[in-house]
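Structural features, examined
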Amino acid sequence: MKIESDQIQELIQKHKKKLILPFLFLIVSIMFFLSHYIIHTKQLTEIYPFHDVIVGEEMEENILVEVEVSEIPVVFAQYSARKNTSKYYFLMDDDYMYVGYLDTDTFRTLNRTDISAHPIKIQGYTKQLSGEVIDLMIEAYNREIGYEFLTLDNYADYVGKVYLDTTKVNRSNYLLLGMGGVCFALSIIMTISYFKGSSQIRKIVYSYSAEEWKLIEQELQENVVFEKADLNFYLTDHYIIDLNSGLRIIRYSDIVWIYLYQLTQYGITTNQSIIVYTKNKKKHILLSIHSSSQKRKALLEEIISMIVEKNTKILIGYTKENRKQMKDLYQIL
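The shown structure was predicted, so the numbers you read here are calculated from the model rather than taken from an experiment.

All right, on to the overall build of the protein chain then. Helix and strand counts for the protein chain come out as 10 helices and 15 strands. For the protein chain, the C-alpha radius of gyration of 36 Å lies well beyond 20 Å, the compact-globule estimate for 333 residues. Considered along the principal axes of its C-alpha atoms, the protein chain spans approximately 105 × 45 × 40 Å. Residue burial in the protein chain is summarised as follows: out of 333 residues, 41% are buried. Pairs at least 24 apart in sequence give 57% of the contacts found in the protein chain among residues at least 6 apart. In the form shown here, the protein chain has an accessible surface area of approximately 20100 Å², with 53% of it arising from carbon and sulfur atoms. Each charge class in the protein chain can be summarised by its mean position, and for the 37 positive and 41 negative side chains these summaries are 18 Å apart.

Across the sheet, which stays open at both edges, the seven strands sit in the order S1-S2-S6-S7-S5-S4-S3 with mixed pairing between neighbours. Edge positions in the sheet fall to strand S1 (48-49) and strand S3 (74-78), since each of these pairs with one other strand and no more. Pairing analysis gives six bridges linking strand S2 (residues 64-69) to strand S6 (residues 120-128), with the strands arranged antiparallel. For Val-65, the partnering residue across the bridge sits in S6 and is Gly-124. Along the sheet face, helix H5 (residues 131-145) touches S3, strand S4 (87-92) and strand S5 (97-102) and points at about 145° away from the line of S3.

Taken in spatial order, the four strands line up as S14-S13-S12-S15 in an open sheet, and their pairing is mixed. Because the sheet does not close on itself, it has two edges, and the strands there are strand S14 (283-289) and strand S15 (315-316). Of the pairings in the sheet, the one linking strand S12 (residues 255-265) to S15 comprises two bridges and is parallel in character. Directly across from Trp-257, in S15, lies its bridge partner Leu-315. Across the sheet, helix H9 (residues 294-310) touches S12, strand S13 (268-278), S14 and S15, and the angle it forms with S12 is around 170°.

With a phi close to 60°, Asn-62 is a non-glycine residue in the positive phi region. On the secondary structure map, Asn-62 appears in the loop between helix H3 (50-55) and S2. A positive phi is found at Leu-287, a non-glycine position, where the angle reads about 55°.

This paragraph deals with the pattern of salt bridges. Under the criterion given, the structure shown has 11 salt bridges. Taking the shortest distance from any N to any O, the salt bridge between Glu-139 and Arg-143 comes out at 3.6 Å. With Glu-139 and Arg-143 both in helix H5, this residue pair falls four residues apart, about one helical turn.

What follows concerns the environment of Lys-203. Note that Lys-203 resides in helix H7 (residues 171-205). On the accessibility criterion, Lys-203 (66% relative accessible area) is exposed. Sequence separation between Lys-203 and Asp-93 is 110 residues; the distance between their C-alpha atoms is 70 Å.

Further remarks concern the environment of Gln-123. Position of Gln-123 among the secondary structure elements: in strand S6. With 115 residues separating them in the primary sequence, Gln-123 and His-238 have C-alpha atoms 74 Å apart. Residues within four places of Gln-123 in sequence aside, it is in contact with Ile-47, Val-65, Glu-66, Leu-164 and Thr-166.

Taken as a whole, the largest pocket spans an internal volume of roughly 580 Å³. Lining the largest pocket are 20 residues, and of these Ile-204, Tyr-208, Ile-249, Lys-282 and His-284 sit closest to its centre. Within the residue set of the lining of the largest pocket, elements represented by two or more residues are H7 and strand S11 (248-251). Taken together, the residues of the lining of the largest pocket break down into five nonpolar, eight polar and seven charged.

Reading the values: rules and limits
Each chain has its residues counted from 1, running along the sequence as written. Given that this is a predicted model, residues contribute local features only at a pLDDT of at least 70 and side-chain atom pairs are listed and counted only at 80 or more, while totals for whole chains, interfaces and linings are drawn from all residues. Note that the side-chain values use all heavy atoms of the structure and ignore hydrogens as well as water. Secondary structure is summarised from DSSP: a helix means a run of H or I of at least four residues, a strand means a run of E of at least two, and numbering begins at the N terminus for each. Atoms considered for the radius of gyration are the C-alpha atoms alone. The globule rule reads 2.2 Å times the number of residues to the power 0.38. We call a residue buried when its accessible area falls under 20% of the maximum for its residue type, exposed when it is over 50%, and partly exposed in between, using a 1.4 Å probe and counting protein chains only. When checking whether two residues touch, look at their non-hydrogen atoms; a contact exists if any pair is within 4.5 Å. Note on areas: Shrake-Rupley with a 1.4 Å probe; residue coverage comes only from the protein chains shown. A positive count includes Lys and Arg, and a negative count includes Asp and Glu. His and the chain ends are not counted in either. A single reference atom marks each charge: NZ on Lys, CZ on Arg, CG on Asp, CD on Glu. One requirement defines pairing of two strands: DSSP has to find at least two bridges between them. The convention used is that axes are lines fitted to C-alpha atoms, helices contributing only their stretch in contact, and that angles between N-to-C directions extend from 0 to 180 degrees. Salt bridge, as applied in this entry: a Lys or Arg side-chain nitrogen positioned within 4 Å of an Asp or Glu carboxyl oxygen. In this analysis the probe radius is 1.4 Å and the grid spacing 1 Å, with only protein atoms considered; a cavity is a set of points the probe fits into but cannot get out of, a pocket is an open set with protein on both sides within 12 Å along at least five of seven lines, and lining residues have an atom within 4 Å of a point. Grid points are joined across faces, edges and corners, and a volume is the space filled by probe spheres set on the points. Under the convention adopted here, Pro, Cys and the residues Ala, Val, Leu, Ile, Met, Phe, Trp and Tyr are nonpolar, Asp, Glu, Lys and Arg are charged, and Gly plus all remaining residues are polar.

Structure follows, in structure tokens:
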């Protein structure tokens, strides 16, 4: 069915522009995902043996390292007494000792009686040992072997100045992934909303016969008796036409009940609108705007009067009698 009305054509063109934002969100999400992939791929090719980092001249932080653990880790420090908490451990491979800060799941993976025969490789990021942890480490190690071996002067020669942290992740990279996911989700939601809106417009247009649709457009072009252009709201000889949020057309002859609705909070009117019920039991909210002005109220009352003039059988006002009559006749409320 051909649409010729300038107002409805403008509505459709405005609706089509709603595809721009989800398209931009889609592009941005692809950029975030691509950045995450590039960084993640680069990280996978830049995993260093933990021992090589420790013996290097500069023991830097935030380097992704790995070590093949061949003995069950021994805990020597923790910040919390809770059972499922990360702790500091002595780690051993076949040749050297290290310090690791392991999450509970990683420790459970390593806590196996056959780990000596089947070493397990773990990964984490390097972090600088704090003075408190160094003191606890030296004390625990010397107590375990029964004499003073590690000191503040020599501990770095044996375990290094950094430890392997399995609880730390590359937050910036995961942030890219998260932001990409959010942008992609927004793109999908907005796209679905666009197609639902398009479907609604088509459904409304094709719910009328060609003859009646021609009359609707003709009245919108030539027989507007009231117009609130800033809200895309029109009254014609036979229809209420609301283009404010999509396309909505109501025949005066279908209206059975109308009243002014005022939302009051803490004694203050915060919203005023017109409520319309039609024969098919549908509720329509018209011209809903946050306003408490008497001028606004007078305008809505004037619109109600113009609508009632087109169909004098409409019940007016939210009264007990009208509510009962609507319930009895149309099972409304």
